[in-house]
Amino acid sequence: MAATSAASRGFPVRTLIFMGLAYLAAIIFLLPYVEMIIAALRPSNQLLDRDYLPTHFNWHSFIDIWGTGFGHNLRVSLEVAGGATILVLLVAIPAAYYTARHRFRGRNAFMLLVLITQMFQPTAMLVGLYREFLDFQMLDSVYALILVNAGFNMAFAVWILNAYVTGIPVELEEAAAIDGSTRLGVLFRITLPLALPGIVTALIFTFISAWNEFIVALTLTTSQAAQPLTVALNNYIGQYQVDWSHLFAGSVIATIPVIILFALIEGKVVGGLTAGSIK
């Protein structure tokens, strides 16, 4: 009885400890973003002050930054990240489905080759990429950035989707086919809804990776009209001075689309996980 009582008293304590650690980790991860917002709202004459909060908040940085061409760079980043994500899903979903459902000759070698491509770093191929797009006259092009980002994220998407499709019982597809559903009908009504968590994972991973990519965009673009946000933010860092207000304001704005995307899709992950048991 004493042991049971002690265990019952110990459970809430462990829960409080884990909750405290979770909140502490959340604060540690959120603190840089809070500092970035506060720095963006600091007046220029208080940037080096030791006080954590400024005497008054200055919102002009968030307004003036749009006059520097920042809005165009934001649109370029959306086009690159969105285009790369769509291209990856259009190629990775059929590839993952076929490799999961068919045992063709060379399948293991193909999957191994896909895995090996994920090991290459973009910086190791910069010279080759630059020369290739130079030959095709595609420098300073949004399409070049879309192709590169899609290529770098394709392997992960194929692997993660292959694992999800493999975990879906083939008997469900066979039962739908017996009921008269076509192959495309089976794919869109059975397989894709059950593989939705994997699709969302590949979508988020590809979008964030393309959104944050810097070194390839810096190499393949020279004009401001073709530069995404990551390169545009770097332009606020000069040789002799740094435009801290616009740099921090732009960094805050750059995080908003990713937060919105995750907030919209996060619920669909749970929906995809429970789709098979609800229907």
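Residues numbered from 1 in each chain as written. Predicted model: local features only at pLDDT ≥ 70, side-chain atom pairs only at ≥ 80, totals over all residues. Heavy atoms only, no water.

- For the protein, an unreviewed UniProt entry supplies the name Carbohydrate ABC transporter permease and the organism Acidisoma cellulosilyticum.
- Of the protein, the UniProt comment under Subcellular location (unreviewed entry) reads exactly: "Cell membrane".
- Quoted straight from UniProt, the Sequence similarities (unreviewed entry) entry for the protein says "Belongs to the binding-protein-dependent transport system permease family." (UniProt positions renumbered as here; feature names shortened; annotations may be inferred.)

## Topic: the overall build of the protein
So, step 1. From N to C terminus, the protein includes 12 helices and zero strands.
So, step 2. When the elements of the protein are put in sequence order from the N terminus, they spell out α-α-α-α-α-α-α-α-α-α-α-α.
So, step 3. Taken over C-alpha atoms, the radius of gyration comes to 24 Å for the protein, far larger than the 19 Å a tight globule of 279 residues would show.
So, step 4. Projected onto its principal axes, the C-alpha coordinates of the protein cover approximately 80 × 70 × 30 Å.
So, step 5. Per-residue burial over the protein gives 38% buried out of 279 residues.
So, step 6. Expressed as a percentage of contacts within the protein between residues at least 6 apart in sequence, the contacts between residues at least 24 apart total 72%.
So, step 7. Total accessible area on the protein is roughly 17,100 Å²; 69% of this is exposed by carbon and sulfur atoms.
So, step 8. Counting 14 positive and 15 negative side-chain charges, the protein places the averaged centre of each group 13 Å from the other. (Helix = DSSP H or I, 4+ residues; strand = E, 2+ residues; numbered from the N terminus. Rg over C-alpha atoms; globule rule 2.2 N^0.38 Å. Buried < 20%, exposed > 50% of the residue type's maximum accessible area, 1.4 Å probe, protein only. Contact = heavy atoms within 4.5 Å. Areas by Shrake-Rupley, 256 points an atom, 1.4 Å probe, with all protein chains shown as cover. Lys, Arg positive; Asp, Glu negative; His and termini not counted. Charge placed at Lys NZ, Arg CZ, Asp CG, Glu CD.)

## Observations concerning the packing of aromatic side chains
Think of a pair of aromatic rings as described by two things: how far the centres are apart, and how the planes are tilted against each other in angle.
So, step 1. Per the stated rule, a full pass over the model turns up five aromatic pairs.
So, step 2. When the centroid spacing of 6.1 Å and the interplanar angle of 45° are considered together, the rings of Trp59 and Phe62 count as tilted.
So, step 3. On the basis of relative accessibility, which here comes to 17%, the residue Phe62 falls in the buried class.
So, step 4. With centroids separated by 5.6 Å and ring planes inclined at 75°, the aromatic side chains of Trp66 and Phe70 adopt a geometry described as edge-to-face. (Phe/Tyr/Trp six-rings, centres within 6.5 Å; stacked < 30°, edge-to-face > 60°.)

## Thoughts on the packing of helix α7 (residues 170-178) against helix α8 (residues 183-194)
Packed helix pairs are specified by the crossing angle of their axes together with the interaxial distance, meaning the distance between the axes.
So, step 1. Running from amino to carboxyl end, α7 crosses α8 at an angle of 160°, the nearest separation of the two axes being 10 Å. Classified by the angle between their axes, α7 and α8 sit roughly antiparallel to one another. Along this stretch, α7 crosses α8, giving a crossing that reads as right-handed. Within the contact between the two elements, α7 uses Leu172, Glu173, Ala176 and Ala177 and α8 uses Val186, Ile190, Thr191 and Leu194.
So, step 2. Looking at the contact of α7 with α8 residue by residue, the classes come out as six nonpolar, one polar and one charged. (Axes fitted to C-alpha atoms, helices over the stretch in contact; angles between N-to-C directions. Parallel < 35°, antiparallel > 145°, perpendicular 65-115°, else oblique. Left-handed = near helix turned anticlockwise from the far one by under 90°. Nonpolar A, V, L, I, M, F, W, Y, C, P; charged D, E, K, R; others polar.)

## With respect to the side chain of Asn73
So, step 1. Examined against the element boundaries, Asn73 turns out to sit in helix α3 (residues 70-101).
So, step 2. Exposure remark for Asn73: the relative accessible area of 1% places this residue in the buried category.
So, step 3. Leave out the neighbours within four places in its chain, and Asn73 touches Gln224, Gln227, Pro228, Leu229 and Ala232.

## Points about the UniProt feature "transmembrane region" (unreviewed entry) in the protein
So, step 1. With numbering aligned to this structure, UniProt lists the feature "transmembrane region" (unreviewed entry) at residues 21-41, 80-98, 110-130, 142-165, 186-211 and 244-265.
So, step 2. Structurally, residues 186-211 comprises 96% helix and 0% strand, and the distance from its first C-alpha atom to its last is 33 Å.
So, step 3. Within residues 244-265, the helical portion is 100% and the strand portion 0%, while the C-alpha atoms at the span's ends are 33 Å from each other.

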